[in-house]
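# Structural overview for review
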Amino acid sequence: MDSLRNNFTMATPTTDGKSSHDVHGGLPIPRRSANRPVPSADLLRVWYREMVLIREFEIRCMQAYQDKKIGGFCHVYIGQEAVAVGCVAALKPQDPLVTAYRDHGHALARGMTARACMAEMFGRVDGCAKGKGGSMHMFDREHHLYGGHGIVGAQTPLGAGLAFATKYEDEVINNGKSSRVTLCFLGDGALNQGAFHEALNLSGLMNLPVIYVVENNGYSMGTSIHRGTTQSHDLSSKALGYGIDATVIDGMNVMEVYHGMKDVVEKSRRESRPAFVDMRCYRYKGHSMSDPRKYRSRDEEAIWEQGDPIGIFEKFVLDQGAITQDQIKSVQKEVKAEVRDAIEFADNSPVPPLSDLYHDVYREPWGRYTGTSEPRMYGGALNPPTFRATREGDGLI
Ligand SMILES: Cc1ncc(C[n+]2csc(CCOP(=O)(O)OP(=O)(O)O)c2C)c(N)n1
Ligand SMILES: [Mg+2]
C-alpha cells in the first residue's frame, strides 16, 4: 500500500507543484484557487450542501436499485460531485448544459428537485421525463438541462447544436452579441467517438461558444484510459488539432473546478469560442450497478478515497470558518430527510399508463394518439377515431 501511495498522488497537486497519478498519467495540473478571492460563506455552504445531497441521493439510489425499485441502467457519480457543482457554479442559469448517462449529479446541481429526479429513477409519472427516461435521461428544460444521453458521445454534437442555437438567436435574430455558453460533459471514453471529432471541428470552424468538459475518471467501463485512448497523458492534444484552447483542471477539488471553469467560461463567452477541459477525477463505484471492478485494485480505490472531494471541501469550509461542526451535522440531517422524502414521493407516484408509450415521441399535430396499432400518420383523415383532440401545445415541440 505504501509503495502504491508513493506512485499515486491525488489529483490535488502536491506542495512541490508536481502532480501526476497513474490513473490518468497526465501532465501536472495547474493550481488556481490559492490566489483567488474565496467566495462568500453562504455560497460555500450551498456548494457543500449540493455535494452532500448528490452523494446521499446516489447512495439511496444504489439501495433502491438492490430493492428493485429502480430498473434498467444506473450509473452513479459518487466521487465526481465536485465537477458538477463547480462547473454549474461557474455558469449563468440560462447557459445550456448537456451531458451523458452519469447525469444525476448534473441534474441536482442544476436545480432539479430530488423528488423529480428520484421519481424519474423509479420510472414514475412525476419524474422529470414522466418516468420514460429513467436514470440516463434527466431532462429539465426550465433549468436548461438538455439531457442525459445514453449513447456514448451522442451529446457532443448536441452541445455544438445548442451553442449554435444560442448564438443564432443572440446574434442573428436579436442582432446582439452571443451571450450564452453551452457546457457539454463527456467521459474520457467518448473522446474516441467520431461524432465528438465532428463536433469539435464544427465548433472550431463556426466559433461556437461550447465548452467540452471531459470528466476524465480514467476508465471507460473496464478499460483504462491508457489502453483505449491515444495521447492519454495529454488530452489537450485532441483539441489543439482543431484550433481549440485546452486546459487541465483538478476535478477532485470544487474550488479548483470553480476557479478553473470560471476562466474558461468567461473567455468562451467573451470571445464566442469553443474550449476543451481535461477534468481529472475518479469514480469510486463501478461503471454501473453490475460491475465487479476486476480491472482495478481495491488499493487504488482506497488511495483515491483519501482524496474524497467532499472531505477535501469539508475541511476547506471548516478552515475558512464558513461552517461549524454543528452546521455540518444539520446539513447532513436535512439532506437525509430530503432524500427520504424524495423516495417516498417517488414510491407514491403512479407508473405511467401503457397508452403513454405513444406520447412525447413525435409531434402530435393530429391530437394524442389513442394507442391503436395503426397510427395512420399520413392518413389520419381516413381513420379519424385513431386520434382525439388534445389541449393546445401538447406534444414535444
Ligand atoms: C456508442 C456507444 N458505444 C458503446 C456504448 C456502451 N458503453 C456505455 S458506457 C461506456 C463507457 C464510456 O466511458 P466514459 O465515456 O469514460 O464515461 P464514464 O462511464 O467513465 O462516465 C460504453 C462503452 C454506448 N452506450 N454507446
Ligand atoms: Mg470515464
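Rules of the game
- Residues numbered from 1 in each chain as written.
- Chains lettered and ligands numbered in written order.
- Predicted model: local features only at pLDDT ≥ 70, side-chain atom pairs only at ≥ 80, totals over all residues.
- Helix = DSSP H or I, 4+ residues; strand = E, 2+ residues; numbered from the N terminus.
- Buried ≥ 20, exposed ≤ 12 C-beta atoms within 10 Å, placed from the backbone.
- Contact = placed C-beta atoms within 7 Å.
- Near = placed C-beta within 6 Å.
- Nonpolar A, V, L, I, M, F, W, Y, C, P; charged D, E, K, R; others polar.
- Core = buried A, V, L, I, M, F, W, Y, C linked by C-beta atoms within 7 Å.
- pLDDT = per-residue confidence, 0-100.
- Pairing = 2+ DSSP bridges.
- Right-handed = clockwise from strand over helix to strand, strands pointing away.
- Axes fitted to C-alpha atoms, helices over the stretch in contact; angles between N-to-C directions.
- Parallel < 35°, antiparallel > 145°, perpendicular 65-115°, else oblique.
- Left-handed = near helix turned anticlockwise from the far one by under 90°.
- Expected span 1.5 Å × (residues − 1).

## Overview of the overall build of the chain
- Secondary structure summary: the chain contains 13 helices and 9 strands in total.
- In the chain, buried positions account for 44% of the 397 residues.
- For the chain, the share of sequence-separated contacts (at least 6 apart) that also reach a separation of at least 24 residues comes to 72%.

## Quick notes on the site of ligand 1
- In the vicinity of ligand 1, 14 residues are found, and the nearest of them are Val152, Gly187, Gly189, Ala190 and Ser220.
- Looking at the shell around ligand 1 residue by residue, the classes come out as 5 nonpolar, 6 polar and 3 charged.

## Looking at the nonpolar core
- Counting residues in each nonpolar core, the largest one holds 95 residues, and the members touching the most others are Cys87, Cys117, Ile211 and Val277.
- In terms of residues, this core owes the most to one element, helix H2 (residues 41-66), which gives 8 residues.
- Leaving out residues up to four positions away in the same chain, Cys87 has contacts with Leu183, Val213, Val257 and Met261.

## A few points about the confidence of the model for the chain
- Residues of the chain with pLDDT of at least 70 account for 87%, and the chain-wide mean is 89.
- Note that residues 1-21 has pLDDT below 50 and, in this model, 40 contacts with residues that lie over four places away or in other chains.
- A low-confidence stretch, residues 378-397 stays under pLDDT 50, and its non-local contacts, those more than four residues away or across chains, total 30 contacts.

## A look at the environment of Arg180
- Counting through the fold element by element, Arg180 comes out in the loop between helix H6 (155-173) and strand S2 (182-187).
- On the basis of neighbour counts, which here come to 21 C-beta atoms within 10 Å, the residue Arg180 falls in the buried class.
- Residues Arg180 and Val210 lie 30 residues apart in sequence; the distance between their C-alpha atoms is 9.0 Å.
- If sequence neighbours within four positions are ignored, Arg180 has contacts with Gln94, Asp95, Pro96, Thr166, Asp170 and Pro209.

## What about the pairing of strand S7 (residues 275-280)?
- Along S7, 6 of the 6 residues are buried, which leaves the element largely enclosed by surrounding structure.
- In S7, alternate side chains face the same way, and those of Ala275, Val277 and Met279 on one face and Phe276, Asp278 and Arg280 on the other are all buried.
- Where strand S3 (residues 210-216) lies against S7, 6 bridges are found, and the strand directions are parallel. What sits directly across from Asn216, in S7, is Arg280.
- Once you follow strand S6 (residues 245-250) into helix H10 (residues 254-271) and on to S7, the crossover reads as right-handed.

## Let's talk about unusual backbone geometry
- Positive phi is not limited to glycine here, since Lys130 has a value of about 55°.
- When you line up the elements, Lys130 lands in the loop between helix H5 (114-121) and H6.
- Assessed through the 17 C-beta atoms surrounding it within 10 Å, Lys130 is described here as partly exposed.
- Non-glycine residue Gln231 carries a positive phi angle of around 55°.
- Within the secondary structure, Gln231 sits in the loop between helix H8 (225-228) and helix H9 (236-240).

## Considerations on the packing of H2 against helix H12 (residues 309-319)
- Their axes nearest at 11 Å, the elements H2 and H12 cross at an angle of 155°. The angle between H2 and H12 places the two elements in the roughly antiparallel class. Considering only the axes of H2 and H12, their crossing is left-handed. On the side of H2, the interface is formed by Leu44, Tyr48, Met51, Val52 and Arg55, while H12 contributes Pro309, Ile310, Phe313, Glu314 and Val317.
- Residues that form the contact of H2 with H12 fall into these classes: 8 nonpolar, no polar and 2 charged.

## Remarks on the sheet that holds S6
- Ordered in space as S1-S2-S3-S7-S6, the 5 strands form an open sheet in which the pairing is parallel. Both outer strands of the open sheet, strand S1 (97-98) and S6, are each paired with one neighbouring strand and no more.
- As judged from the 6 bridges shared by S6 and S7, these two strands associate in the parallel manner. The residue of S7 that forms the bridge with Asp250 is Arg280.
- Sheet strands touched by H6: S1, S2 and S3. Its angle to S2, the strand with the most contacts, is close to 175°.

## Topic: the environment of Glu171
- Tracing the sequence through the fold places Glu171 in helix H6.
- On the basis of neighbour count, Glu171 is assigned to the partly exposed category, with 14 C-beta atoms found within 10 Å.
- Once residues lying within four places of it in the same chain are set aside, the contact partners of Glu171 are Gly176, Lys177 and Ser178.

## Structural notes on H2
- End to end, H2 covers 38 Å across 26 residues, agreeing with the expected 38 Å (1.5 Å per residue, within 8%).
- Within H2, burial applies to Trp47, Tyr48, Glu50, Met51, Val52, Leu53, Ile54, Arg55, Phe57, Glu58, Arg60 and Cys61.
- Next to the buried residues of H2 lie helix H3 (81-89), helix H4 (104-110), H5, H10, H12 and helix H13 (325-348).

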